[in-house]
Each structure stands twice: as structure tokens, then as C-alpha cells.
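Each chain is listed here by its residues.
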Amino acid sequence: MTVFLCSKCGTAITPELAELAAVVDVSDDERDRDKETRRAPSTVPRGHYAIDHEPWGPPYVVQDDQEDPKPAQSRGPLVCREEGFVISAGTRHTVLVHPDDAAGLQPLPNWENSSGCCGPTGDEGLNRACPCGAPVATLAADCFGPYELHLDPIRTYAFSQ
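Below, the structure is looked at part by part.

Attention shifts here to the sheet that holds strand β6 (residues 84–88). Strand order in this open sheet of 3 strands is β4-β6-β5, and the pairing throughout is antiparallel. Edge positions in the sheet fall to β4 (60–62) and β5 (79–81), since each has one partner strand and no second. Along the sheet, successive strands turn relative to each other by an average axial angle of 50°, direction set aside. Two strands pair when backbone bridges link them, and β5 and β6 are joined in this way by 3 bridges, in the antiparallel orientation. The partner of Arg81 across the bridge, within β6, is Gly84.

With the rule as written, the count across this model stands at 3 salt bridges. Linking Asp52 and Arg75 is a salt bridge whose minimum nitrogen-to-oxygen distance equals 2.7 Å. In this pair, Asp52 sits in strand β3 (residues 48–52) while Arg75 sits in the loop between β4 and β5, placing the two residues 23 residues apart along the sequence. A relative accessible area of 29% means that Arg75 is categorised as partly exposed.

Take the layout of surface pockets next. Counted as a void, the second largest pocket has a volume near 160 Å³. Along its surface, the second largest pocket is lined by Arg39, Pro99, Asp100, Ala102, Ala103, Leu105, Arg128, Leu139, Ala141, Tyr147 and Leu149. Partitioning the lining of the second largest pocket into residue classes produces 8 nonpolar, no polar and 3 charged.

A complete count under the given rule lists 1 cavity of 30 Å³ or more for this structure. Every residue lining the largest cavity is listed: Ala72, Gln73, Pro77, Val79, Thr121, Asp123, Asp142, Phe144 and Gly145. Along the lines of polarity and charge, the residues of the lining of the largest cavity split into 4 nonpolar, 3 polar and 2 charged.

The subject of this paragraph is the nonpolar core. Ile13, Val97, Leu105, Val136, Leu149 and Leu151 are the most contacted members of the largest nonpolar core, which has 18 residues in total. Put simply, the parts of the chain that give this core at least two residues each are β1 (2–6), β7 (94–97), β10 (135–140) and β11 (148–151). For this core, the element with the most residues is β10, which contributes 3 residues. In contact with Val97, other than residues within four places in its own chain, are Leu17, Val44, His48, Tyr49, Glu148, Leu149 and Leu151.

Thresholds applied
Residues numbered from 1 in each chain as written. Predicted model: local features only at pLDDT ≥ 70, side-chain atom pairs only at ≥ 80, totals over all residues. Heavy atoms only, no water. Pairing = 2+ DSSP bridges. Helix = DSSP H or I, 4+ residues; strand = E, 2+ residues; numbered from the N terminus. Axes fitted to C-alpha atoms, helices over the stretch in contact; angles between N-to-C directions. Salt bridge = Lys/Arg side-chain N within 4 Å of Asp/Glu carboxyl O. Buried < 20%, exposed > 50% of the residue type's maximum accessible area, 1.4 Å probe, protein only. 1 Å grid on protein atoms, 1.4 Å probe; cavity = no way out; pocket = protein on both sides within 12 Å on 5 of 7 lines; lining within 4 Å. Points joined across faces, edges and corners; volume = space filled by probe spheres on them. Nonpolar A, V, L, I, M, F, W, Y, C, P; charged D, E, K, R; others polar. Core = buried A, V, L, I, M, F, W, Y, C linked by side-chain atoms within 4.5 Å. Contact = heavy atoms within 4.5 Å.

Okay, structure coming up:
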């Protein structure tokens with residue numbers, strides 16, 4: 001079992017979690033979304049975590065193939081900016097957890113990096129902080145993307161017993 005802690009103050013961010021061998025495929029079918037929040041099922045079940053080896057979040061770079069673009073990041077939507085369709089060149093090896101397994105995290109002041117329709121899209125960078133105030137994670141919880149929390153691999157660390 002593993003607990004994730006804030007690198008700045010050492011506060012436990014999660015309870016004990018069991019590692020999954022890989023990021024699980026989750027349905028993105030509209031019918032599987034919560035009827036009230038419009039959120040997709042969480043990428044990771046409660047009590048577990050997985051390492052996302054793909055890039056997540058900013059910076060974004062223009063995709064080479066503008067005729068057949070890919071989603072901007074794993075399990076995310078297409079993102080088009082002024083310069084064209086972009087893809088994440090952000091942090092790799094983020095730790096994916098169920099958002100409810102890090103309930104003590106708070107939005108950044110003024111909801112920085114938390115824009116979205118029904119919740120933060122997660123594509124603007126870190127948007128959740130440890131109780132000490134250190135930005136440590138990115139919540140994706142909008143009605144058109146995945147529902148997941150990415151712990152930054154530098155701003156958090158694992159403690160296994």
C-alpha cells in the first residue's frame with residue numbers, strides 16, 4: 001500500500017492506495033456519465049492509483065498532422081488554439097488517483113487554472129493545492145473530458161509500507 005505526500009510539507013494527500021498495473025480504459029459513452037454532474041466515470045477506482053506515462057497538461061505544441069489530429073492528452077478531447085490543433089508536451093508519469101481519494105486538496109486561489117463548463121478541464125496546469133498552499137495536482141472534472149486527478153510527480157512523493 002502507498003500513501004502520497006506533499007513534497008513541500010510532508011502532509012498525506014491520499015489514504016493508503018493499491019497500485020494498478022496500468023491506466024484502465026474507462027467508457028467515454030455519454031450514457032455512462034453521471035446524470036447530474038455530467039462527469040465520466042472516474043479513470044481510477046477509489047482506493048487505487050496508476051502511473052500515467054503519457055504527457056499531461058501544458059505546455060502544448062502544435063500537432064504535425066492537422067488533418068487528422070489526436071486528442072491533446074490521454075483520455076482528453078481535441079484542443080484547437082489559434083495556431084491549430086495542439087498536443088500535450090507536459091509532465092509524464094503523473095500519478096492518477098480517484099478525486100475523492102484526495103479530498104483534502106483545495107482549488108488554487110481565485111480558481112486559477114480551473115476553467116471549464118461544469119468543472120475544470122485540467123488542460124491549464126496545476127489547479128489543486130495541499131492544505132499548506134503548495135500546488136500539487138491537476139483535477140480534470142468537466143462534462144466533456146475524463147474525471148481524474150493527476151498528482152504531480154515532483155510536487156508529491158510516494159511512501160510505501
